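Residue-level structure breakdown
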Amino acid sequence: MGKKNIDWANIGFGYIKTDYRYVSNYKNGAWDEGALITDDTINLSECACVFQYAQTCFEGLKAYTTEDGHIVTFRPDLNAERMMDSAARLEMPQFPKERFIDAITKVVAANADYVPPYGSGATLYIRPFMFGSDAIIGVKPANEYQFRVFTTPVGPYFKGGAKPITICVSDYDRAAPHGTGHVKAGLNYAMSLHAIMEAHRNGFDENMYLDAATRTHVEETGGANFIFVTKDNTVVTPKSDSILPSITRRSILYVAEHYLGLKTEERPVAFDEIKDFAECGLCGTAAVVSPVGKIVDHGREICLPSGMEKMGPVTQKLYDTLTGIQMGHIEAPEGWIHVIK
Ligand code: PLP
Ligand code: COI
């Protein structure tokens with residue numbers, strides 16, 4: 001079998017069904033051995049805990065074809081650990097780290113024909129998720145769960161690819177202090193849907209959420225963390241207990257410091273500081289590194305000096321180095337690249 005006949009360069013961030021998915025079920029206190037299956041549908045009770053009380057969490061990572069033709073994933077151990085943290089916060093059983101990595105390996109290998117070729121601009125997005133599957137009507141955790149991983153080839157998350165986007169400061173909050181913002185719970189995304197649709201209706205690409213308690217500090221967007229660059233080339237990223245600990249952001253901070261020799265700061269970022277920054281970008285598995293050209297706060301425009309035409313120079317270097325590591329033409333730090341085949 002060869003690569004599927006897909007117009008890799010022109011796909012967006014959408015769902016394309018692939019041939020195999022991995023499923024393991026949890027019952028009577030234990031996960032079963034798990035298997036690859038071909039059925040992309042799920043048959044559940046109408047009263048399944050996931051439908052009634054949104055007991056579900058997920059992960060997102062990508063498989064890449066490297067320059068020398070291998071298929072690899074990027075730091076899947078960190079996705080496994082984050083999913084364990086999400087599960088614990090939602091009173092779900094944890095799916096063991098080694099089994100998570102094994103499931104990713106198996107499902108990507110089985111769908112190898114869907115992994116976009118090197119240089120195509122597309123990648124294979126991997127979506128592990130878990131949900132409470134038995135009937136629950138009183139508010140309590142499920143007794144039975146399913147862990148599942150599917151894949152889908154994807155292109156850029158934002159339509160323009162590397163073109164700077166315009167975002168707005170949201171009137172809605174994404175996460176409360178001591179809430180679930182730091183884990184990848186489905187509920188965080190359900191409550192962001194109205195906010196993102198409002199942003200789109202008002203002509204913006206994304207929302208900037210501020211901290212819910214004081215609305216003075218930058219948190220993140222609905223699906224990515226922020227990175228800022230100061231006028232003297234320091235990479236600054238917001239620190240908060242209510243944002244998702246992005247694996248891309250943690251990797252970028254390492255790359256900035258150890259590959260590019262830049263100063264980095266992970267600290268609370270006041271909204272009032274933004275006007276003084278030189279560059280702004282969003283980072284995440286789906287977003288990769290997406291430049292932000294303009295931030296609009298209720299009609300007040302903050303235009304980043306890097307402009308609306310292209311990425312700022314430091315953001316570009318971070319993007320090139322990170323994607324170079326992922327695609328295998330820059331040597332990766334020990335343990336970052338997991339070779340599938
Ligand atoms: N923040 C949110 C809310 C996200 O959904 C994501 C995506 O996973 C990220 C940040 C970026 O995290 P990562 O770099 O691990 O994909
Ligand atoms: C990811 O980047 O993997 C996410 O889960 C974010 C989502 C907005 C697609």
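Here the structure is a predicted model, which means the values were calculated and not measured. (Residues numbered from 1 in each chain as written. Chains lettered and ligands numbered in written order. Predicted model: local features only at pLDDT ≥ 70, side-chain atom pairs only at ≥ 80, totals over all residues. Heavy atoms only, no water.)

**Things to note about the nonpolar core**
Worth spelling out the cut-off: Residues enter a nonpolar core if they are buried and are Ala, Val, Leu, Ile, Met, Phe, Trp, Tyr or Cys, with the set joined through side-chain atoms within 4.5 Å. Buried, partly exposed and exposed residues are distinguished by accessible area as a fraction of the type maximum, computed with a 1.4 Å probe on protein chains only: under 20%, between the cut-offs, and over 50%, respectively. Working definition: helices are DSSP H or I runs of at least four residues, strands are E runs of at least two. Numbering for both runs from the N terminus.
If you look at the biggest cluster of nonpolar residues, it comprises 38 residues, and the most contacted ones within it are Phe 100, Val 108, Met 130, Phe 147 and Val 149. Tallying contributions element by element places helix H3 (residues 97-110) first for this core, with six residues. Residues Phe 271, Ile 274, Phe 277 and Ala 287 belong to the second largest nonpolar core, which totals 22 residues.

**As for the site of ligand 1**
The criterion, for reference: A single heavy atom is enough: if one lies within 4 Å of a molecule or strand, its residue is considered near that molecule or strand. We define a polar contact as two N or O atoms separated by no more than 3.5 Å, with the added condition that, inside protein, one atom must be a possible hydrogen donor and the other a possible acceptor, whereas residues neighbouring each other in sequence contribute only through side-chain atom pairs. Note that accessible areas follow from Shrake-Rupley with a 1.4 Å probe, and for residues the cover is restricted to the protein chains shown. Polar here means any residue other than Ala, Val, Leu, Ile, Met, Phe, Trp, Tyr, Cys and Pro, which are nonpolar, and Asp, Glu, Lys and Arg, which are charged; Gly is therefore polar.
Around ligand 1 there are 16 residues in total, and Tyr 189, Glu 220, Ser 246, Thr 248 and Thr 285 lie nearest to it. Within the backbone of Ala 224, a nitrogen or oxygen atom sits 3.5 Å from a nitrogen atom of ligand 1. Compared with its free state, where it exposes 380 Å², ligand 1 has 97% of that area covered by protein. When contributions to the shell around ligand 1 are tallied by element, the ones reaching two or more residues are helix H6 (247-258) and strand S14 (279-284). Classifying every residue of the shell around ligand 1 by side-chain character gives five nonpolar, seven polar and four charged.

**Some points on the pairing of strand S6 (residues 71-74)**
Short version of the rule: At least two bridges found by DSSP between two strands are what make those strands a pair.
Residue alternation in S6 divides its side chains into two sets, Ile 71 and Thr 73 and Val 72 and Phe 74, and both sets are buried. The pairing of strand S5 (residues 61-65) with S6 spans three bridges and is antiparallel. Along S6, the bridge assignment pairs Thr 65 with Ile 71.

**Considerations on helix H2 (residues 76-89)**
Stated formally: By this rule the span expected of a helix is its residue count minus one, scaled by 1.5 Å.
The end-to-end C-alpha distance of H2 is 20 Å, a good match for the 20 Å that 14 residues give at a rise of 1.5 Å each. When H2 is considered as a whole, its buried residues turn out to be Pro 76, Leu 78, Asn 79, Ala 80, Arg 82, Met 83, Ser 86 and Ala 87.

**Regarding the pattern of salt bridges**
Short version of the rule: We count a salt bridge whenever a side-chain nitrogen from Lys or Arg sits within 4 Å of a carboxyl oxygen from Asp or Glu.
In this structure the tally under the stated criterion is 14 salt bridges. A salt bridge links Asp 276 to Lys 275, with the shortest nitrogen-to-oxygen separation between them at 3.5 Å. Residue Asp 276 is classed as partly exposed on the basis of its relative accessible area of 43%. As a salt-bridge pair, Glu 301 and Lys 294 come within 3.5 Å of each other at their nearest N and O atoms. Members of the salt-bridge network, linked through shared partners, are Glu 265, Arg 267 and Glu 273.

**Considering the UniProt feature "modified residue: N6-(pyridoxal phosphate)lysine" (unreviewed entry) in the chain**
What counts, and what does not: UniProt positions are given in the numbering used here, feature names are shortened, and annotations may be inferred rather than shown by experiment. The contact criterion used throughout is that any non-hydrogen atoms of two residues lie within 4.5 Å.
This chain's UniProt record puts "modified residue: N6-(pyridoxal phosphate)lysine" (unreviewed entry) on Lys 184. Within the fold, Lys 184 resides in the loop between strand S9 (165-169) and helix H4 (186-190). Excluding anything up to four places from it in sequence, Lys 184 contacts Cys 57, Phe 58, Glu 59, Gly 60, Arg 82, Ser 86, Tyr 189 and Leu 244.

**Brief notes about the environment of Gly 328**
On the secondary structure map, Gly 328 appears in the loop between helix H7 (313-326) and strand S17 (337-339). Given the relative accessible area of 45%, Gly 328 is considered partly exposed. Here the alpha-carbon distance between Gly 328 and His 70, two residues 258 residues apart in the chain, equals 8.8 Å.

**Observations regarding the pairing of S5**
With respect to burial, S5 is a largely interior element, five of its five residues being buried. Alternating residues of S5 divide into Leu 61, Ala 63 and Thr 65 and Lys 62 and Tyr 64, and every residue in both groups is buried. Pairing analysis gives three bridges linking S5 to strand S7 (residues 123-132), with the strands arranged antiparallel. Directly across from Lys 62, in S7, lies its bridge partner Tyr 125. Taken together, S5 and the strand that follows it, S6, pair antiparallel across an intervening segment of five residues, in which Gly 69 is found at a positive phi of about 90°.

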